[in-house]
Amino acid sequence: MDSLHRIEKDFLGEKELENDKYYGIQTLRAKENFNITTIGISIFPNFINSLAKVKKACALTNFELGDLTEIQKNAIVEACDRIIGGEFHDQFIVDPIQGGAGTSTNMNANEVIANVALEILGEKKGSYNIIHPNNHINMSQSTNDAYPTAIKITLYELIFQLQDSLKYLRDCFAEKSVEFKDILKMGRTQLQDAVPMTLGQEFKTYATMIDDDIFRLTAAQNLLKEVNLGATAIGTGINAKPEYQEKVIQNLKLVTCTDYYKSRDLIEATQDTSSFVQISGMLKAIVIKISKICNDLRLLSSGPRAGLNEINLPPLQPGSSIMPGKVNPVIPEVVNQVAFDVIGADATISIASEHGQLQLNVFEPLIAYKLIISMNMMRRAFYTLGEKCVKGITANPEVCMNNVLNSATLVTSLNPILGYEKSSAIAKEALSSGKRVYDILLEQKIFTEAELEELLQPKNMVQNYGL
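Basis of the calculations
- Each chain carries its own residue numbering, running from 1 in the direction its sequence is written.
- Local features in a predicted model are, by the rule used here, given only for residues with pLDDT of at least 70; side-chain atom pairs are given and counted only at 80 or more, and totals for whole chains, interfaces and linings are based on all residues.
- Side-chain metrics in this entry use all non-hydrogen atoms of the structure; hydrogen atoms and water are not considered.
- A pairing counts as a salt bridge when a side-chain nitrogen of Lys or Arg comes within 4 Å of a carboxyl oxygen of Asp or Glu.
- Counting from the N terminus, the helices are the DSSP runs of H or I reaching at least four residues and the strands are the DSSP runs of E reaching at least two.
- The classification of residues rests on relative accessible area computed with a 1.4 Å probe and restricted to protein chains. Under 20% of the type maximum is buried, over 50% is exposed, and intermediate values are partly exposed.
- Using a grid of 1 Å spacing that covers the protein atoms alone, one calls a set of points a cavity when a 1.4 Å probe fits there but cannot get out, and a pocket when the set is open and has protein on both sides within 12 Å along at least five of seven lines; lining residues are those with an atom within 4 Å of a point.
- Grid points are joined across faces, edges and corners, and a volume is the space filled by probe spheres set on the points.
- Classification used: nonpolar for Ala, Val, Leu, Ile, Met, Phe, Trp, Tyr, Cys and Pro, charged for Asp, Glu, Lys and Arg, polar for all others including Gly.

A. Seen up close, the pattern of salt bridges. Summed over the entire model, instances satisfying the criterion amount to 25 salt bridges. The partner of K262 in a salt bridge is E246, with the nearest N and O atoms 2.9 Å apart. Of this pair, K262 sits in strand β6 (residues 261-262) while E246 sits in helix α8 (residues 244-256), and the two are 16 residues apart along the sequence. Classification of E246 as partly exposed rests on a relative accessible area of 45%. Overlapping salt bridges bring together K185, R188, E202 and E310 as one network.

The following block contains the structure:
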């Protein structure tokens, strides 16, 4: 071979690799076999880092048990630290969707870490007699415990990022609720006039809805702390020393600074993917709420001349290739589409989890892919909604007040003063004549203008609720 290439072998035969590549023969085979999404797992840096953290914890444990030399351990740990620091991510090339329950991803990590460690020791890539991807990097492990543990670490950390985006969006709505607290408007049920409220109350509700989910995400996140590292192939711990299971969890805690703990039944944990289903369900619940809010924003800003037009969304781009002057609610629309995708992903994850068989669920690659994609899309969507839409929303107070004054249901708020029969008669007259309730009340001299102005103050119409 020339100096630019090397030959690696496995039990299926030989493959030629470029010498500047840190991955090895099993990674190359996976690259050739799985051209599904046309992307590599390197697009998920959090996941690459999680794999490296798992491998680091395992190396520390194997050294403590006397199965790695100090030289091997130090080189492996340094290689993992460099990957965690952002190096070599371009060497993680396997497709996220793959057969083999994640074996290709696990071997991609094993081979890259082995060759980086060899380079640290001044050895040539592929010198696996010194540090071997299977014998040393994958020691006391199986794909079936290392891979799902890395997924859980990834999701656990991504939830913090998702919560940050939700907090930002919540705060955007909360700021608007204060800004709009004195703007009276008509509340609606079944898209029909209901009773008055303030625009501030409407936006405060959105902030509260989001705040509830921030709290619930923390509860869901705790499900991910239970890991099956040490289970090896099916949960029996084969090829690992008896004391390995407890020690590797302690080292995982040190490496991640998170209180992960061993599943009480490793055989059950190796085949069970229900925690992923529950996380997916939580993501679906969140996007359903956010999508509903986006629907509201599109309705409230509809028109502007022939719709509700109670608020204005920031104009970001021309909305039509044929209709001059048209501006569309593009940010709520794009967030709606993210919600649809996440809802679909939840169905995919449910099916993939249900199709597990016996001691392993081979569809974890698809589950991981959908969860990570969903969380990343949601995070970006929530920041986009807050920054490019909510922060720039303005109100049309005159339109909001006119809708209140024009609505026959305004009399509902005056029931305690007028009584039901009198209120019904005024509402009926308003509907038949087209007159405003406000004007009828003045014409019939039920109230003076000054009295009506006082009654229609937000503080009186909504009884201070939520102001």
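B. Geometry of empty space enclosed by the protein. In the structure shown here, the tally under the stated rule is 2 cavities of 30 Å³ or more. In this structure, the largest cavity spans a volume of roughly 70 Å³. Considering the residues around the largest cavity, the lining is formed by I41, F44, F47, P96, T105, Y147, P365, A368, Y369 and I372. With 4 residues, the top contributor of residues to the lining of the largest cavity is helix α12 (residues 364-388). Broken down by class, the residue content of the lining of the largest cavity amounts to 9 nonpolar, 1 polar and no charged. Approximately 30 Å³ is the volume attributed to the second largest cavity. In terms of lining residues, the second largest cavity is bounded by F44, N46, F47, T154, L158, I372 and N376.

C. Region of the structure containing the layout of surface pockets. The calculated volume of the largest pocket comes to roughly 450 Å³. What lines the largest pocket is a set of 22 residues, and nearest its centre among them are S301, P304, V327, N328 and P329. For the lining of the largest pocket, the leading source of residues is helix α11 (residues 330-354), giving 3 residues. For the lining of the largest pocket, the residue count by class is 12 nonpolar, 7 polar and 3 charged.

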